[in-house]
Amino acid sequence: MALFTYCRLSHLLRISGNKVSVIRTGTEIKPGPSCCVQFIRCQRSMDSKALQERQKQQMAKGLPRQKPITGVKQVIVVASGKGGVGKSTTAVNLALGILANDPLKSVGLLDADVYGPSIPKLMNLKGNPELNDDNLMIPLINYGVPCMSMGFLVDDVAPIVWRGLMVMSAIEKLLRQVDWGSLDYLVVDMPPGTGDVQLSISQNIPVAGAVIVSTPQDIALLDARRGAEMFKKVNVPVLGLVQNMSVFQCPNCNHQTHIFGSDGARQLADTLGVKLLGDVPLHLNIREMSDRGKPVVVSSPDSPEAEAYRKVASAVVQRLEEVNT
């Protein structure tokens, strides 16, 4: 390529004294150095495109082959661009909501947030998982949902000070060395952000779809958009957005206040061309029941907030059916 470019450039320099030069397209170009500059820019553009294509091919060769989790039919990841938007609470109530809508379905819950596992607290589970005859960890179960988390393997207050490779190894064990039995859905509570864990899970197992959780606040929506775009880049279908803490209703006067803004996630969903899966209110009952390890879907099944989660669960299942067809 370099020799070819040099020969063409030398030829153009020799004929630059002529009044008119003609390139392959038949377009006339100005004499002198401008002719060379135009050619060099064109050549650089061609070289850049060829380089990008070669890099794309090399990256595709290096990607790991996706291997399904034994016994799991569909994997749903619940993610957010940033922390503090209620992602883990949404993941727990989504799993329980799917089960509440259809008790014949089997749903599991995987806590992929190695540094800050929340599932043990939210699901009121403690203890170490036992091993079966095949040396696979047996999930702990509550409310009919088998759960696995790094929180079951370390002390409650022990900090997990690990480098990236150790985290990836832990994720691989949580994915492959757990006896999930037979599950229709495995809901994965992802860590916040768009880092190694998200890429590792997306590239190593077939993910049926991603649910993005965000508050209506502009700063949260910026990160939520990054999360949605990341999943699109790794070919994971974005099932839609959940607008969490959408409105606060005063328990005394029933006045509604949009503390974090109004309809921000709905507007972002329209911009991204995805569905808004539902609105979940900012409610004291959700926070109190979550802290007690009694998710609102099972502790207050007749409440409006529990109904909001069940609607989200229904929308997620419907979107999965649309994606699969």
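Residues numbered from 1 in each chain as written. Predicted model: local features only at pLDDT ≥ 70, side-chain atom pairs only at ≥ 80, totals over all residues. Heavy atoms only, no water.

**Student:** Looking at this model, I keep getting lost on the packing of helix α3 (residues 87-101) against helix α11 (residues 304-324). Mind explaining?
**Tutor:** Packed helices, taken two at a time, are described by the angle between their axes plus the distance between the axes. Two numbers describe how α3 lies on α11: the axes approach to 8 Å, and their chain directions differ by 75°. When the interaxial angle is binned, α3 and α11 end up roughly perpendicular. Where α3 abuts α11, its residues T89, T90, N93, L94, G97, I98, A100 and N101 lie against Y309, R310, V312, A313, S314, V316 and V317. Along the lines of polarity and charge, the residues of the contact of α3 with α11 split into 8 nonpolar, 6 polar and 1 charged. (Axes fitted to C-alpha atoms, helices over the stretch in contact; angles between N-to-C directions. Helix = DSSP H or I, 4+ residues; strand = E, 2+ residues; numbered from the N terminus. Parallel < 35°, antiparallel > 145°, perpendicular 65-115°, else oblique. Contact = heavy atoms within 4.5 Å. Nonpolar A, V, L, I, M, F, W, Y, C, P; charged D, E, K, R; others polar.)

**Student:** What should I look at first to understand the nonpolar core in this one?
**Tutor:** Across soluble globular proteins, you tend to see nonpolar side chains buried next to one another. The biggest cluster of nonpolar side chains holds 84 residues, and the ones touching the most others in it are I201 and F231. Element by element, the count of residues in this core is highest for α11, at 8 residues. Not counting residues within four places of it along the chain, the set of residues in contact with I201 comprises V77, A112, I171, L175, V188, M190 and V207. (Core = buried A, V, L, I, M, F, W, Y, C linked by side-chain atoms within 4.5 Å. Buried < 20%, exposed > 50% of the residue type's maximum accessible area, 1.4 Å probe, protein only.)

**Student:** I tried to follow the pattern of salt bridges on my own but got confused; where do I start?
**Tutor:** Opposite charge on two side chains permits them to pair, given that their charged atoms come into close proximity. Scanning the entire structure with this criterion turns up 7 salt bridges. Taking the shortest distance from any N to any O, the salt bridge between K87 and D189 comes out at 2.9 Å. On the criterion of sequence distance, the pair formed by K87 in helix α3 and D189 in strand β7 (residues 183-189) is long-range, its members being 102 residues apart. Judged on exposure class, the residue K87 and its partner D189 are both buried. (Salt bridge = Lys/Arg side-chain N within 4 Å of Asp/Glu carboxyl O.)

**Student:** For this particular structure, what's the right way to read helix α6 (residues 196-204)?
**Tutor:** Owing to its 3.6 residues per turn, the α-helix aligns residues three or four sequence positions apart on the same side. Among the residues of α6, those classed as buried are V197, Q198, S200, I201, S202 and N204. Packing partners of the buried residues in α6 comprise β3 (72-79), α5 (164-176), β7 and α7 (218-233).

**Student:** Would you mind going over α7 with me for this structure?
**Tutor:** End to end, α7 covers 23 Å across 16 residues, agreeing with the expected 22 Å (1.5 Å per residue, within 8%). For α7, the set of buried residues is A220, L221, D223, A224, G227, A228, M230 and F231. Buried residues along α7 sit against β3, α6, β8 (209-214), β9 (238-249) and α8 (264-272). In the stretch just after α7, N235 is the one whose phi turns positive, near 60°. (Expected span 1.5 Å × (residues − 1).)

**Student:** Looking at this structure, I do not really get the pairing of β9. What am I missing?
**Tutor:** Taken residue by residue, a regular strand's side chains alternate between the two faces of the sheet. By the criterion of burial, β9 is predominantly enclosed, with 10 of the 12 residues buried. Sheet analysis places β8 next to β9, joined by 5 bridges and oriented parallel. Residue pairing across strands places S214 opposite Q243, the latter belonging to β9. Strand direction decides the pairing type here: β9 and strand β10 (residues 256-257), joined by 2 bridges, are antiparallel. Within β10, the position partnered with F248 by the bridge is T257. (Pairing = 2+ DSSP bridges.)

**Student:** Where do I start with unusual backbone geometry in this structure?
**Tutor:** For N135, which is not glycine, the phi torsion reads 65° and is therefore positive. One can find N135 in the loop between α4 (119-122) and β5 (140-142). Backbone geometry places N235, a non-glycine residue, at a positive phi of 60°. The class for N235 is exposed, based on a relative accessible area of 69%.

**Student:** I'm lost on the pairing of β8 in this one. Help?
**Tutor:** Where burial is concerned, most of β8 is hidden: 6 out of the 6 residues are buried. Along β8, one buried face is formed by G209, V211 and V213 and the opposite face, lined by A210, I212 and S214, is buried too. Where β3 lies against β8, 4 bridges are found, and the strand directions are parallel. Following the sheet pairing, I76 is matched in β8 by G209.

**Student:** Could you clarify how one ought to interpret the side chain of T89 in this entry?
**Tutor:** Examined against the element boundaries, T89 turns out to sit in helix α3. The contacts of T89, once residues within four sequence positions are left out, are L122, I286, S290 and Y309.

**Student:** Just checking my understanding: could you explain the confidence of the model for the protein chain for this structure?
**Tutor:** Detail in the predicted coordinates should be disregarded across regions flagged by low pLDDT. In the predicted model, the protein chain carries a mean pLDDT of 82, and the fraction of residues at 70 or more is 81%. Here residues 1-6 is a poorly scored stretch, pLDDT under 50, and it has 5 contacts once near neighbours within four places are set aside; other chains count. Confidence over residues 15-30 falls short of pLDDT 50; this stretch has 15 contacts with residues more than four positions distant or in other chains. (pLDDT = per-residue confidence, 0-100.)

**Student:** For this particular structure, what's the right way to read the packing of α5 against α6?
**Tutor:** Where α5 contacts α6, the two axes come as close as 10 Å, and the packing angle between them is 40°. As judged from the angle between their axes, α5 and α6 are oblique. As for the relative orientation of α5 and α6, their crossing is right-handed in sense. Here V167, M168, I171, L175 and R176 of α5 lie close against α6, whose contacting residues are D196, V197, S200, I201 and N204. The residue inventory of the contact of α5 with α6, partitioned by class, reads 6 nonpolar, 2 polar and 2 charged. (Left-handed = near helix turned anticlockwise from the far one by under 90°.)

**Student:** What's the story with the environment of I212 in this structure? I'm lost.
**Tutor:** Of note, I212 is situated in strand β8. Spatially, the C-alpha atom of I212 lies 9.8 Å from that of F231, the residues being 19 residues apart in sequence. If we skip the residues at most four places from it in the chain, I212 touches A79, A224, G227, A228, F231, V238, G240, L241 and V242.

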